[in-house]
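Residue-level listing of the chains:
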Amino acid sequence: MKYNKVNERIIRRLKKIVGERNVTTDPEKLEIYSHDEEGHPRVEVMPEVVVFPETTQQVSKIMKLANEELIPVTPRGAGTGLSGGAVPLYRGIVLSLEKMNRILELDEKNLTITVEPGVVTGEIQKFANRHGLLYAGDPCSGDSSFIGGNVAENAGGNKVIKYGPTGSHVLGLEVVLPNGEVTFFGGKRVKDVTGYNFVQLMIGSEGTLGIVTKIVLRLLPLPKYVVDLLVPFKTMKEAIDFVPIIVREGKIVPTSIEFMDRPSLLLTEQFLNAKLPYDDAEAQLIIELEGNNKSAVEDDYERIGNLCFEHGALEVFVADNRNTRERIWRIRKSIAEAVNALYPANCLEDVVVPTSNIPELMREVDEISRKHNVKAISYGHAGDGNVHVTFLKDEKDSEEVWIKKLKAALEDLYSITKNLGGTISGEHGIGLKRRDYVELVLDKAQIELIKSVKRAFDPNLILNPGKIVRFE
Ligand SMILES: Cc1cc2nc3c(=O)[nH]c(=O)nc-3n(C[C@H](O)[C@H](O)[C@H](O)COP(=O)(O)OP(=O)(O)OC[C@H]3O[C@@H](n4cnc5c(N)ncnc54)[C@H](O)[C@@H]3O)c2cc1C
């Protein structure tokens, strides 16, 4: 793909659109916008310029200019992405949404909240909670990622088993199309079959079809009681085999069923200088239950607790106050960060299978690890089948050996996942990291459809080019 360079004339026009203070070409600042949090492969490409629009109109004018001048534009939220999605592969303009960070409206009658894309997800959760309401999107990066990035990646997280991923909470989207036109998909209505479902098409489109500039989210009543069970199991097999039993025999859909294997837990304890009980157990489950009636929640956790013991749990710890709950979740939510700190050369995966196939997937991961002699740890969202298998570089391995082993291990992981009815990304997206593996899981017809949809929205291929599928 051939694009034009950002020259002085373009910089002057950008400054005219967003003001001098909202344009930077300072190399130190550009470096920050050259990558996201993806570690393997760590792709860093310096943009030519970063712009910080403050309004939809400014975004629209930037896109119009870029489209006319054939300059690539990469939208960017908080840069916490784990697929290289916000990397400006062809340089050009990075369009940061960080200054569009206002909560615009809480509509308590319709149970909606309207926000700009640069609002930190955790701020939406807290704001809703203060009004007795729940925003149920809950990625582990909630304290830093932006809601616009969550929409673009259809972020999942800890509550998907009960409430669904980000897309389940989105009712409407204001979008700036690649040619600068502004449109509004959906609205505050819960139902809509007027034409194609563009809201859901935008969700998970990884910044390739349009720039999300306003989001209408659905809220729910905030449950009064929340309890977390921390359940250690002697073996990984017992823990994972137990996951489908919780719903089937417990007759309840918990808010979360998360798991961490022993190495993930030990690494994170070391990183945080914190400790959980029974950390010598091979695996731990975190099961979150909630409701409005205290005794009903207690009944639920007693029933689930008894089931845990019947199926080999070593203990069931009940965390029914904020402090103990936060202690548990802090560990779970910090695993990725701990791995990065202690094993800078690692590859965090995001495979997802039908939940009943998680036990088989975990057995296969052990086999892959042995076969290729590469260390693998696993944790993730057991309740929805999404496992973050993470390969770690052995310090004895040279870079060359590690890359070779990793490639072989990844190919095995992806093809086994596919055979188990799964796919290669449950929530982190394809971006750049998995682009060259997409053909393993999507057939030719689907790839062609993706390309046709992309061209329909963006005929000049200026918006976040080089992501999801290859055009060259
Ligand atoms: C420690 C850690 C824990 C994580 N835990 C989870 C988890 O539990 N669940 C999960 O799903 N993910 C998780 N992630 C991944 C990441 O946080 C999510 O993908 C998040 O949604 C990215 O949001 P962001 O604002 O950082 O987006 P960025 O990384 O800035 O961008 C991500 C993609 O969205 C596009 N984009 C951003 N804003 C817009 C917009 N307004 N319009 C159009 N496109 C846009 C970008 O072009 C890019 O393709 C985690 C990451 C880290 C570092």
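Residues numbered from 1 in each chain as written. Predicted model: local features only at pLDDT ≥ 70, side-chain atom pairs only at ≥ 80, totals over all residues. Heavy atoms only, no water.

A. Local environment of the nonpolar core. If you look at the biggest cluster of nonpolar residues, it comprises 54 residues, and the most contacted ones within it are Leu229, Val231, Phe242, Leu285, Ile287, Phe391 and Leu413. Sorting the residues of this core by element identifies strand E12 (225-233), helix H8 (236-250), strand E13 (256-261), strand E14 (283-291), helix H10 (294-310), helix H13 (358-372), helix H14 (399-419) and helix H15 (438-441) as the ones contributing at least two each. Not counting chain neighbours up to four residues away, the residues in contact with Val231 comprise Ala283, Gln284, Leu285, Ile287, Cys308, Ala313, Glu315 and Val316. One finds Val6, Val49, Ile62 and Ile93 within the second-largest nonpolar core, a separate group that totals 26 residues. (Core = buried A, V, L, I, M, F, W, Y, C linked by side-chain atoms within 4.5 Å. Buried < 20%, exposed > 50% of the residue type's maximum accessible area, 1.4 Å probe, protein only. Helix = DSSP H or I, 4+ residues; strand = E, 2+ residues; numbered from the N terminus. Contact = heavy atoms within 4.5 Å.)

B. Main features of unusual backbone geometry. Positive phi is not limited to glycine here, since Arg91 has a value of about 65 degrees. If you trace the backbone, Arg91 turns up in the loop between strand E3 (73-76) and strand E4 (93-96). Relative accessible area serves as the criterion here: at 34%, Arg91 is assigned to the partly exposed category. Of note in this structure, Lys251 is not a glycine but carries a positive phi near 55 degrees. Checked against the element boundaries, Lys251 lands in the loop between H8 and E13. What makes Lys251 exposed here is its relative accessible area of 67%.

C. Looking closely at the site of the ligand. Taken together, 36 residues lie near the ligand, and Pro75, Gly77, Thr80, Gly81 and Ser141 sit nearest. Within the backbone of Gly77, a nitrogen or oxygen atom sits 2.7 Å from an oxygen atom of the ligand. Between Gly149 and the ligand, the recorded distance is 3.3 Å, taken from a backbone N or O atom to an oxygen atom. Contact with the protein chains covers 95% of the free accessible surface of the ligand, which is 970 Å². At the level of elements, E3, helix H5 (147-153) and strand E10 (211-218) are the ones that each hand at least two residues to the shell around the ligand. (Near = heavy atom within 4 Å. Polar contact = N/O pair within 3.5 Å; in protein donor to acceptor, adjacent residues only side chain to side chain. Areas by Shrake-Rupley, 256 points an atom, 1.4 Å probe, with all protein chains shown as cover.)

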